[in-house]
Amino acid sequence: MKVLIAGGGIGGLTAALCLHEAGHDVRVFERAPKFEDEGAGIQLAANATKVLDALDLLSKLSDLAVEPESIDVREFDTGDLLYQSRLGAAYRQKYRAPYFHLHRSDLIETLATELLVRAPGSIQFGAAVTKYSETEKNVSVQLENGTTECGDCLVGADGIRSAVRTQMRGKTPIQWTGNVAWRGVLDATELADDFMEKVVTNFVAYKKHMVVYYVRAQKAINFVGVVENRDWRNDSWVQKSPHKELMADFSGWNETVQTVVNLTPVDQCYRWALHDYQPLDRWCSKRVTLLGDAAHASLPFLASGAAMAIEDARILQRVLEGHETTTATRLHLALVKYQRNRMSRTASVQKRSRNVGQLYHLPGRLLRRAAFKALGTRTGKNEHFLPQYDANIIPLV
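## Quick look at the sheet that holds strand β16 (residues 238-240)
Across a sheet, strands are paired by hydrogen bonds formed along the backbone, either parallel or antiparallel in direction. Read from one edge of the open sheet, 8 strands run β5-β4-β13-β14-β15-β12-β17-β16, paired in mixed fashion. Every other strand in the sheet has two partners, leaving β5 (81-86) and β16 as the edge strands with one partner each. Ignoring strand direction, the axes of neighbouring strands in this sheet form an average angle of 20°. Where strand β13 (residues 200-205) meets strand β14 (residues 208-215), 5 bridges bridge the pair, whose relative direction is antiparallel. Within β14, the residue paired with Thr-201 across the bridge is Val-212.

## Considering the pattern of salt bridges
Side chains that differ in sign of charge can pair as their charged atoms come close. Inspection of every chain in the model, using the stated rule, returns 22 salt bridges. A salt bridge links Arg-74 to Asp-72; the nearest nitrogen and oxygen atoms lie 3.7 Å apart. Exposure remark for Arg-74: the relative accessible area of 23% places this residue in the partly exposed category. According to the relative accessible area criterion, Asp-72 is buried, its value standing at 3%. Asp-281 is paired through a salt bridge with Arg-169; the nearest N and O atoms lie 2.8 Å apart. Residue Asp-281 is located in the loop between β17 (270-277) and β18 (288-290), and its partner Arg-169 is located in helix α6 (residues 163-169); the two are separated by 112 residues in the primary sequence. On the basis of relative accessibility, which here comes to 59%, the residue Asp-281 falls in the exposed class.

## Details of empty space enclosed by the protein
Scanning the model with the defined rule gives 1 cavity of 30 Å³ or more in all. Within this model, the largest cavity holds a volume of roughly 30 Å³. Looking at the largest cavity, the residues that line it are Asp-293, His-296, Ser-298, Gly-305, Met-308, Thr-346, Val-349 and Gln-350. Per-element tally for the lining of the largest cavity: the top contributor is helix α11 (residues 328-360), with 3 residues. The residue inventory of the lining of the largest cavity, partitioned by class, reads 2 nonpolar, 5 polar and 1 charged.

## So, the packing of helix α10 (residues 305-320) against α11
It is at 9 Å that the axes of α10 and α11 come closest, and there the two elements cross at 155°. Our classification of the angle between α10 and α11 gives roughly antiparallel. Crossing handedness for the pair α10 and α11: right-handed. In contact with Met-308, Glu-311, Asp-312, Ile-315, Leu-316, Val-319 and Leu-320 of α10, α11 contributes Leu-331, Ala-334, Leu-335, Lys-337, Tyr-338, Asn-341, Arg-342, Arg-345, Thr-346 and Val-349. Residues that form the contact of α10 with α11 fall into these classes: 10 nonpolar, 2 polar and 5 charged.

## Remarks on the packing of helix α2 (residues 46-54) against α10
The N-to-C vectors of α2 and α10 enclose an angle of 45°; their axes lie 8 Å apart at closest approach. The orientation of α2 with respect to α10, classified from their angle, is oblique. As α2 packs across α10, the resulting crossing turns out to be left-handed. Contacts between α2 and α10 involve Asn-47, Ala-48, Val-51, Leu-52 and Ala-54 on the former and, on the latter, Ala-307, Met-308, Ile-310, Glu-311 and Arg-314. Looking at the contact of α2 with α10, its residues break down into 7 nonpolar, 1 polar and 2 charged.

## Brief notes about α10
With 16 residues, α10 extends 23 Å between its outermost C-alpha atoms, agreeing within 8% with the 22 Å of an ideal straight helix rising 1.5 Å per residue. For α10, a buried count of 15 out of 16 residues is recorded, marking the element as mostly surrounded by other parts of the structure.

## As for the layout of surface pockets
By volume, the second largest pocket is sized at about 250 Å³. What lines the second largest pocket is Gln-175, Thr-177, Asn-179, Glu-228, Arg-230, Asp-276, Leu-299, Phe-301, Arg-354, Gly-357, Gln-358 and His-361. Sorting the residues of the lining of the second largest pocket by element identifies β12 (174-187) and α11 as the ones contributing at least two each.

## Considerations on unusual backbone geometry
With a phi angle near 65°, Lys-207 is a residue other than glycine that sits in the positive phi range. By secondary structure assignment, the location of Lys-207 is in the loop between β13 and β14. Judged by its relative accessible area of 31%, Lys-207 falls in the partly exposed class. Residues other than glycine seldom take positive phi values, yet Arg-216 does so here, at roughly 55°. Tracing the backbone through its elements, the reader meets Arg-216 in the loop between β14 and β15 (220-228).

How each quantity is defined
- Residues numbered from 1 in each chain as written.
- Predicted model: local features only at pLDDT ≥ 70, side-chain atom pairs only at ≥ 80, totals over all residues.
- Heavy atoms only, no water.
- Pairing = 2+ DSSP bridges.
- Helix = DSSP H or I, 4+ residues; strand = E, 2+ residues; numbered from the N terminus.
- Axes fitted to C-alpha atoms, helices over the stretch in contact; angles between N-to-C directions.
- Salt bridge = Lys/Arg side-chain N within 4 Å of Asp/Glu carboxyl O.
- Buried < 20%, exposed > 50% of the residue type's maximum accessible area, 1.4 Å probe, protein only.
- 1 Å grid on protein atoms, 1.4 Å probe; cavity = no way out; pocket = protein on both sides within 12 Å on 5 of 7 lines; lining within 4 Å.
- Points joined across faces, edges and corners; volume = space filled by probe spheres on them.
- Nonpolar A, V, L, I, M, F, W, Y, C, P; charged D, E, K, R; others polar.
- Parallel < 35°, antiparallel > 145°, perpendicular 65-115°, else oblique.
- Left-handed = near helix turned anticlockwise from the far one by under 90°.
- Contact = heavy atoms within 4.5 Å.
- Expected span 1.5 Å × (residues − 1).

Listed below in C-alpha cells is the structure:
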C-alpha cells in the first residue's frame, strides 16, 4: 500500500519508518526546504524508547542522548527538594527501556537519515500539503508547489496547525491558557563541570516554573520557563522578547536558574504562547487519519507530546499490517481501529498535562510541599501510566 505522510516531524518520520518496516511504500511531504538545527530539548520515557528500540535506532541515539538519574522538583528559590522520581539504571531495568533527553533536531536527523537509507527518495522537501481529495479508489494531496501526489492512505502528521485536520474537521477551537513559555538551548561547555547533576530539575513557584536539563551528551542545557501572563496581547504564537523581561520573570530564583537566565544570549530570547486543545471525537475518514499533534496536541507539562506521536506511529503500523487490499471500506475499518486504540490514552495525556501544570503553579510553600508529598505517597499508578505502555505488543481492540 502506498502511504502519503504530511509532515516530516517526529511523528511523521517515525510513522514512515514503521510503515516501511511493514512493507508499505511511504512518501513524506515536508514543508521546510531542509531540516535545520533548531528547536529545543524533548523528553522520551520508556514508552517512546521501546518503539525506537524496536526500529533498531536506540544505539544510534544513545551517543546523542542524556539518560538522567532522576526528576527533581524543587522550591524556586531555596532549591529545597519537594519530590523526586528515580530514573537511570533502575528505571531502565524496571521498564525495559531507558528515559532519554534529546535535542529535537538530533532525533529528527537520526530518523530522517535512517529513513532515507531504508527507503531512498521517500522524503520530499519544500512540499507542504495544502489539501487532499479522497475517493473509493485512492487519496490525492495537493502540495504548495502546485503538484499533486496520489496514494492509498494519507496520514496527517503536519503538527498543531494541521492543514489535514482543518480540512477534515474544520477549524478546531483552542483555548488560550494564560501561560507563556520561555525556551532556550545553551552551550553547557561554558559552565562549570559541577553546574548541575545529570537530572531533570523543575523549580516551581506561584504561577511560574522552570525546567532545566542536559541534552546532546551533556554538551547543551535545555530550559523551559513557564510564566502565567494574562496581559499577553500578541497574536503571534512565538515572539522574540527582551532579555530584561526574562530576567524579571525569574528574579530572585535559585542560583541554577539565575545562571541559565544570565547565559541566555540577549538576541535569542523567545516566548511561546501556550494554547490548549480539547480531545477530538474523530480523527479519521475513509482513507485519511491524523497522528501526533495534528490529532491530540497537549500542553508541555507532562513532556509527552513526542512520545504520543511515536506511540501513534507504531499502533498505526500494527493496524495496517497485512492490509494488502486498498479498498476504502477495509482501510477505513483499520483507521477506525487505530483511532479507537489511541483516543482514550491521548485524551488522558491531554488532561493530565493540564492538571500537572496547575500543580506546578500552586501558591505558597506549605501548599506546594503538601501537594508534592501527597503525590509521592500515591505515585505508583500515575508513575507507571506512561512508561509501562508498550505500543509494540499491547493488545489492540
